[in-house]
Protein chains: 4
Amino acid sequence: MRILFVGDVMGSRGRQMLTAYLPKLKSRYRPQVTIVNGENAAGGRGITGKIYKEFLQAGADVITMGNHVWDNRDIFEFIDSAKKLVRPANFPSPTTPGLGQVYVQVNQLKLAVINLQGNALMGQTLDNPFHKADQLLAQITQETKLIFIDFHAETTAEKEAFAWYLDGRVSAVIGTHTHVQTNDARVLPQGTAYLTDAGMTGAYDAVLGVQSEKSIERFLTQLPTRYVIKDNGRGVLGGCVVDLDDLNGHARKIMPVVINADHPFSFDD
Amino acid sequence: MRILFVGDVMGSRGRQMLTAYLPKLKSRYRPQVTIVNGENAAGGRGITGKIYKEFLQAGADVITMGNHVWDNRDIFEFIDSAKKLVRPANFPSPTTPGLGQVYVQVNQLKLAVINLQGNALMGQTLDNPFHKADQLLAQITQETKLIFIDFHAETTAEKEAFAWYLDGRVSAVIGTHTHVQTNDARVLPQGTAYLTDAGMTGAYDAVLGVQSEKSIERFLTQLPTRYVIKDNGRGVLGGCVVDLDDLNGHARKIMPVVINADHPFSFDD
Amino acid sequence: MRILFVGDVMGSRGRQMLTAYLPKLKSRYRPQVTIVNGENAAGGRGITGKIYKEFLQAGADVITMGNHVWDNRDIFEFIDSAKKLVRPANFPSPTTPGLGQVYVQVNQLKLAVINLQGNALMGQTLDNPFHKADQLLAQITQETKLIFIDFHAETTAEKEAFAWYLDGRVSAVIGTHTHVQTNDARVLPQGTAYLTDAGMTGAYDAVLGVQSEKSIERFLTQLPTRYVIKDNGRGVLGGCVVDLDDLNGHARKIMPVVINADHPFSFDD
Amino acid sequence: MRILFVGDVMGSRGRQMLTAYLPKLKSRYRPQVTIVNGENAAGGRGITGKIYKEFLQAGADVITMGNHVWDNRDIFEFIDSAKKLVRPANFPSPTTPGLGQVYVQVNQLKLAVINLQGNALMGQTLDNPFHKADQLLAQITQETKLIFIDFHAETTAEKEAFAWYLDGRVSAVIGTHTHVQTNDARVLPQGTAYLTDAGMTGAYDAVLGVQSEKSIERFLTQLPTRYVIKDNGRGVLGGCVVDLDDLNGHARKIMPVVINADHPFSFDD
Ligand SMILES: [Fe+2]
Ligand SMILES: [Fe+2]
Ligand SMILES: [Fe+2]
Ligand SMILES: [Fe+2]
Ligand SMILES: [Fe+2]
Ligand SMILES: [Fe+2]
Ligand SMILES: [Fe+2]
Ligand SMILES: [Fe+2]
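Residues numbered from 1 in each chain as written. Chains lettered and ligands numbered in written order. Predicted model: local features only at pLDDT ≥ 70, side-chain atom pairs only at ≥ 80, totals over all residues. Heavy atoms only, no water.

In this structure, what is going on with the overall build of chain A? I would like to understand it.
Scanning chain A from N- to C-terminus turns up 6 helices and 13 strands. Relative to a compact globule of 269 residues, whose C-alpha radius of gyration would be 18 Å, chain A shows 17 Å and is just as compact. Overall, the C-alpha framework of chain A stretches about 50 × 45 × 35 Å when taken along its three principal axes. For chain A, with 269 residues in total, the buried portion stands at 66%. For chain A, contacts bridging at least 24 residues in sequence account for 65% of all contacts bridging at least 6. Summed over all atoms, the accessible surface of chain A reaches about 9,500 Å², with 47% contributed by carbon and sulfur. Mean positive and mean negative side-chain charge positions of chain A (27 and 28 charges, respectively) differ by 4 Å. (Helix = DSSP H or I, 4+ residues; strand = E, 2+ residues; numbered from the N terminus. Rg over C-alpha atoms; globule rule 2.2 N^0.38 Å. Buried < 20%, exposed > 50% of the residue type's maximum accessible area, 1.4 Å probe, protein only. Contact = heavy atoms within 4.5 Å. Areas by Shrake-Rupley, 256 points an atom, 1.4 Å probe, with all protein chains shown as cover. Lys, Arg positive; Asp, Glu negative; His and termini not counted. Charge placed at Lys NZ, Arg CZ, Asp CG, Glu CD.)

Help me out: how do you make sense of the relation of the copies chain D and chain C in this one?
Note: a rotation about an axis with an accompanying shift along it relates these two copies of the chain. After a rotation of 180 degrees and a shift along the axis of 0.0 Å, chain D superposes on chain C with an RMSD of 0.0 Å. Here the transformation between the copies is reduced to the relation of a two-fold axis. Identified as the residue of chain D closest to the rotation axis by C-alpha distance is Thr-182 of chain D, at 1.9 Å. Mapped onto chain C, 100% of the interface residues of chain D are again interface residues, and the two copies thus contact each other with one and the same surface. (Least-squares fit on C-alpha atoms with pLDDT ≥ 70 in both.)

Just checking my understanding: could you explain the relation of the copies chain D and chain A for this structure?
With an RMSD of 0.0 Å, the fit of chain D onto chain A corresponds to turning through 180 degrees and sliding 0.0 Å along the axis. Most of the interface of chain D is mirrored in chain A, where 100% of its interface residues again form contacts.

Can you walk me through the coordination of the iron ion (ligand 1) in this structure?
Any two of four tetrahedral donors ideally make an angle of 109.5 degrees at the metal, while pairs among six octahedral donors ideally make 90 or 180 degrees. Residues and elements named next belong to chain A. Summarising the metal site, the iron ion (ligand 1) is bound by the protein donors Asp-8 (OD), Glu-39 (OE), Asn-40 (OD1) and His-179 (NE2), whose distances to it range over 2.1 to 2.2 Å. Classification of the site at the iron ion (ligand 1) rests on its 4 donor atoms, whose angles at the metal span 88 to 168 degrees, yielding the label irregular. Between the iron ion (ligand 1) and the iron ion (ligand 2), a separation of 3.4 Å is found, and both are coordinated by Glu-39. Classification of Glu-39 by relative accessible area gives buried; the value is 0%. (Donors = N, O, S within 2.8 Å, 3.2 Å for Na, K, Ca; no water. Tetrahedral: all angles 85-135°; square planar, octahedral: opposite > 155°, others 65-115°.)

Can you help me understand the sheet that holds strand 7 (residues 146–152) of chain A in this one?
Pairing between the strands of a sheet comes from backbone hydrogen bonds, and it takes one of two forms, parallel or antiparallel. All names here are of chain A. Taking strand neighbours across the sheet as the criterion, the 6 strands line up as 5-6-7-8-10-9 in an open arrangement whose pairing is mixed. Because the sheet does not close on itself, it has two edges, and the strands there are strand 5 (101–106) and strand 9 (186–187). Examined bridge by bridge, strand 8 (residues 172–176) and strand 10 (residues 193–195) share 3 bridges and lie parallel to one another. What sits directly across from Ala-172, in strand 10, is Ala-193. Contacts from helix 4 (residues 129–140) reach strand 5, strand 6 (109–117) and strand 7 within the one sheet, and its direction differs from that of strand 6 by about 160 degrees. (Pairing = 2+ DSSP bridges. Axes fitted to C-alpha atoms, helices over the stretch in contact; angles between N-to-C directions.)

Looking at this structure, how should I read the sheet that holds strand 9 (residues 186–187) of chain C?
Residue and element names in this part refer to chain C. Strand order in the open sheet formed by 6 strands is 5-6-7-8-10-9, with mixed pairing between adjacent strands. In this open sheet, the two strands that pair with only one neighbour each are strand 5 (101–106) and strand 9. Seen against the sheet, helix 4 (residues 129–140) touches strand 5, strand 6 (109–117) and strand 7 (146–152) and runs at an angle of roughly 160 degrees to strand 6.

Whenever I open this one, the interface of chain D and chain C confuses me. Can you help?
Across the boundary between the two partners, chain D contributes 35 residues, which contact 36 residues of chain C. Roughly 3,300 Å² of surface becomes buried between chain D and chain C when both sides are summed, with 62% attributable to carbon and sulfur atoms. When the buried area of chain D at its contact with chain C is split by residue, Asn-183, Phe-219 and Leu-220 of chain D rank highest and sum to 20% of it. Between Asp-205 of chain D and Arg-186 of chain C there is a salt bridge, and its shortest N-O distance comes to 2.7 Å. Put simply, chain D and chain C have 14 residue pairs in polar contact (both at pLDDT 80 or more) between them. Every element with two or more residues in the side of chain D that touches chain C is listed here: helix 4 (129–140), helix 5 (156–166) and helix 6 (212–221) of chain D. Ranked by residues supplied to the side of chain D that touches chain C, first place goes to helix 5 of chain D with 7 residues. Residue classes in the side of chain D that touches chain C are distributed as 16 nonpolar, 11 polar and 8 charged. (Buried area = accessible area lost by both parts, 1.4 Å probe. Salt bridge = Lys/Arg side-chain N within 4 Å of Asp/Glu carboxyl O. Polar contact = N/O pair within 3.5 Å; in protein donor to acceptor, adjacent residues only side chain to side chain. Nonpolar A, V, L, I, M, F, W, Y, C, P; charged D, E, K, R; others polar.)

Just checking my understanding: could you explain the interface of chain D and chain A for this structure?
How big an interface is tends to be reported as the loss of accessible area on association of its parts. Taken together, the contacts link 8 residues of chain D with 8 residues of chain A. Buried area between chain D and chain A, both sides added, is near 530 Å², and the carbon and sulfur share of it is 58%. Contact with chain A buries area across many residues of chain D, yet Pro-92, Thr-125 and His-131 of chain D alone supply 61% of it, more than any other trio. Taken together, the links from chain D to chain A amount to 0 salt bridges. Here chain D and chain A share 0 residue pairs in polar contact (both at pLDDT 80 or more) between them. When grouped by side-chain class, the residues that make up the side of chain D that touches chain A number 3 nonpolar, 5 polar and no charged.

Where do I start with the pairing of strand 5 of chain A in this structure?
Look at any regular strand and the pattern is simple: side chains alternate between the two faces of the sheet. Bridge analysis of strand 5 of chain A against strand 6 of chain A gives 6 bridges, and the strand direction is antiparallel. Its bridge partner being in strand 6 of chain A, Tyr-103 of chain A is matched across the sheet by Ala-112 of chain A.

Can you walk me through the layout of surface pockets in this structure?
Empty pockets left among the atoms are what a rolling probe the size of a water molecule brings to light. Size it by volume and the second largest pocket reaches roughly 760 Å³. Among the secondary structure elements, those contributing two or more residues to the lining of the second largest pocket are helix 1 (11–29) and strand 13 (251–259) of chain A together with helix 1 (11–29) and strand 13 (251–259) of chain B. With 6 residues, the top contributor of residues to the lining of the second largest pocket is strand 13 of chain A. For the lining of the second largest pocket, the class distribution of residues is 20 nonpolar, 5 polar and 5 charged. (1 Å grid on protein atoms, 1.4 Å probe; cavity = no way out; pocket = protein on both sides within 12 Å on 5 of 7 lines; lining within 4 Å. Points joined across faces, edges and corners; volume = space filled by probe spheres on them.)

Can you help me understand the coordination of the iron ion (ligand 8) in this one?
Residues and elements named next belong to chain D. Looking at the metal site, the iron ion (ligand 8) is ligated by Glu-39 (OE), Asn-67 (OD1), His-152 (NE2) and His-177 (ND1), spaced 2.1 to 2.2 Å from it. One can describe the donor arrangement at the iron ion (ligand 8) as irregular, given that its 4 donor atoms subtend angles of 84 to 147 degrees at the metal. Read N to C, the donor residues that coordinate the iron ion (ligand 8) are spaced as E-x27-N-x84-H-x24-H. In this structure, the iron ion (ligand 8) is positioned 3.4 Å from the iron ion (ligand 7), and both are ligated by Glu-39. Remark: His-177 occurs in the loop between strand 8 (172–176) and strand 9 (186–187) and Glu-39 occurs in the loop between strand 2 (33–37) and helix 2 (49–57); sequence separation between them is 138 residues. An identical accessibility class is assigned to Glu-39 and His-177; each is buried.

I'm lost on the packing of aromatic side chains in this one. Help?
One pair of aromatic rings is described through two measures. These are the centre distance and the angle between the planes. Tallied over the entire structure, the rule returns 36 aromatic pairs over all chains. Aromatic side chains Phe-219 of chain A and Phe-130 of chain B sit 5.2 Å apart centroid to centroid with 5 degrees between the ring planes, which places their arrangement in the stacked category. Remark: Phe-130 of chain B occurs in helix 4 (residues 129–140) and Phe-219 of chain A occurs in helix 6 (residues 212–221); the pair is interchain, linking two chains. Just as Phe-219 of chain A is buried, Phe-130 of chain B falls in that class too. Residues Tyr-21 of chain C and Phe-265 of chain C carry aromatic rings whose centres are separated by 6.1 Å and whose planes lie at 55 degrees to one another, so their mutual orientation is tilted. (Phe/Tyr/Trp six-rings, centres within 6.5 Å; stacked < 30°, edge-to-face > 60°.)

Any link to function would need more than the numbers given here.
In structure tokens form, the structure reads like this:
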């Protein structure tokens, strides 16, 4: 099974990049499953029911989220019926709306897609993601060996430790949240594909998708400058492609995907 | 001018990687100046006078540091006479030992090397690095247009904002501290080379250079498991090469450097 | 000189408590100067020009602030002309609106009122308050020996260290921000009055002035429950009275002030 | 039932204060149960088997801990057999050494003593203390209605929310960790005694028990100054006395206890 993953889609510029390049990426890589992180899709903060549907129509099979999942209040309107949306599975309350994992059926194969959030330097305390993963896997491994985790976390230490902890037990641990793609895509010794961060999808000449002047002003003044998402200019798309062995669920290969003015999309790479 | 930079050298495995590959990298890239981040050189925590000298003998021209600068008490013994060591320039006290910037003379050219530390999520509060950079540059630009900054910081937001703030005013802003190389090397529109993080130099099958079992145990138990630096097995080296226009100090090109089992060193790249 | 200080006034319930008890407190203690922390006066977030004027009319001579100073955008409309409002003096930018210190004239005597913010665990990085205090005092001590500091900070360590650092150099260091009065009012050996936190003014049966159910829900679910200020029910007022020696500026005495259902106001205490 | 609680005993000066005043406090208040927080008893960092025994001999019935529980490695030697030591119950791993709750038998009555740690701004992530309390109470309430919780946490928000959450379900929620006693002892409407922080026991002229010069130096320089516990000079003891209704477990009364040079011990208070 081949999976295409696209990192945090940031605002309208991110949505444009997604709809412009998803067809091309699909045409080039021919993935069976496409997963897109949508935690910043609605103006940088959360997602709406409308955007959720657009992403599915644009070719996404599953939408993963992160710490911004609840930022747009529209989520509470549509999450109960959003069967392809995954929010972090380790929110502490049993009454948390939405799903922390979903299954995608591809012919005879079933892929489990999990979203988990880290705790280190996140300014929020969810259930321990290491123990939660154990708990989820106890059940999921009854169903399938094909398991993809979007691990939404800040620190490289927590992300790497998490991947090594699950090495050989899941197909892929792909990090999100920092909005900058890392250059460490690899298959760990026991067969888990790993990338510390897939990067973001949105404006290229910006600070994590935010207008750089606004971000700079905040660092200079420490005043609560309003972040403004940059919605024009050059774009960037970050993600990766992972190939799995359908029999044992191990990853065979992971390829980073990055599209920007310095690395324009090409069918020849 | 061509500059070779090597990211956080972590413990003995990192020192081995540095001494093994620095000659090869120099032979391949032929840099005029070589800069190495040594904040984790002594068992992961700080640097000693002995290691400082070894790095210079191995071919480094300047050693930069970071938040771990004071971890090994030996620093207080040799820093006053270490003319090629740069610690973060924005420590708040005027009596802070050591230098926050140094100059390297290469024939007729002079390169200023600055070390600054970010404040976001660093668990420590130094002077505002944006304002401090302005203050340092007011003086340095009287001396040279060739200016290299090792910006030691945690968050991608602070690193990107810092680089955009200085775009066109310095030759390069290269991030360190997260120990994972990012895949975003670029020259910003006004001529500043930028890389969010250069990555680390040390053990490849480890969590930021620490034995993965020890790191995992801490996340699982929240007990103060003693971190043990992994000092054997496969290695990694992270860094970059930056080419500057000697006349205006702008960067022409930045190339990431990564050496590991998945990307072995080759003279043909 | 006798100074009456009232801690963080929280929303409408806090404003009611202030206007109800300030006359009684003045009648009982007969202070020459009354200082009120107003960072939460407007619905828990910042202050408006209207409230600022109300506080002055109710008998406050100076309004101090804290990390919430910019929360209500109205501040940017009136702060330039608000000569009795003090916001933290250690914002890093020289263009920060407003004043970090003001003088109050009482007959022949002049009291300097300073507002400074701590950095530890505040989620924001201002200039080092210890060094900033030195800098401010270099000038202020030319004018007067009567110096009052509202130190707005989170940790007891930073607050105590700050007070010991300034012991004998200022008349009083009174902490704010945690909204819970501490039981450690004392005059330090060199003559500085100190109280780790003066406490808050607002609803008594609430979590720092916020409806307890809302606050509890956030801790239980980690969802972004909207905080709602409790604006009815029993009230609390926290503060202190400090007596200064007019000649040397040293504190003679500090008395905590607390009014709530368990400690009703009385003229006989 | 009357309970005497003594807050964080800090180093040798704290141990001296405890042994000097515990007999006097017992003689004055005649508590049936005495509980002492010992997380800083061994030089400010953790506790040893020897000190644990000394505290029991000095009259403590139960020793509670906090985030410093594992600082002194001796804990791993004796905790398995320390039946009167309680460490935070919400460490995430089921293999955590030690107990998170103990029972004390007083004639026909049984008191449950629980230790829980907060997560907000603690730099460590334990299981959610609100949910963990629910889980513990489900079992404990089968045994007794007399339940005492030492809630070791940083922020006033988490402490107050926790107390309101448990109001009427436990006898007392007494906060520790900040080392400064708060002035808010009260019985909440449904019968739970509450105090945000009981304060510390140790040196009075110090920063949370640490030599003030050392603490100040760290804030001034941001260098890793070694903290040195102040072990001489004037002392302080912080704590409280709680009276319970034996039939329903509700608190009838809570009285803060503070002994220092400004509030010397007296049998007449
Ligand atoms: Fe994001
Ligand atoms: Fe995120
Ligand atoms: Fe490092
Ligand atoms: Fe570092
Ligand atoms: Fe406040
Ligand atoms: Fe505040
Ligand atoms: Fe403590
Ligand atoms: Fe503690």
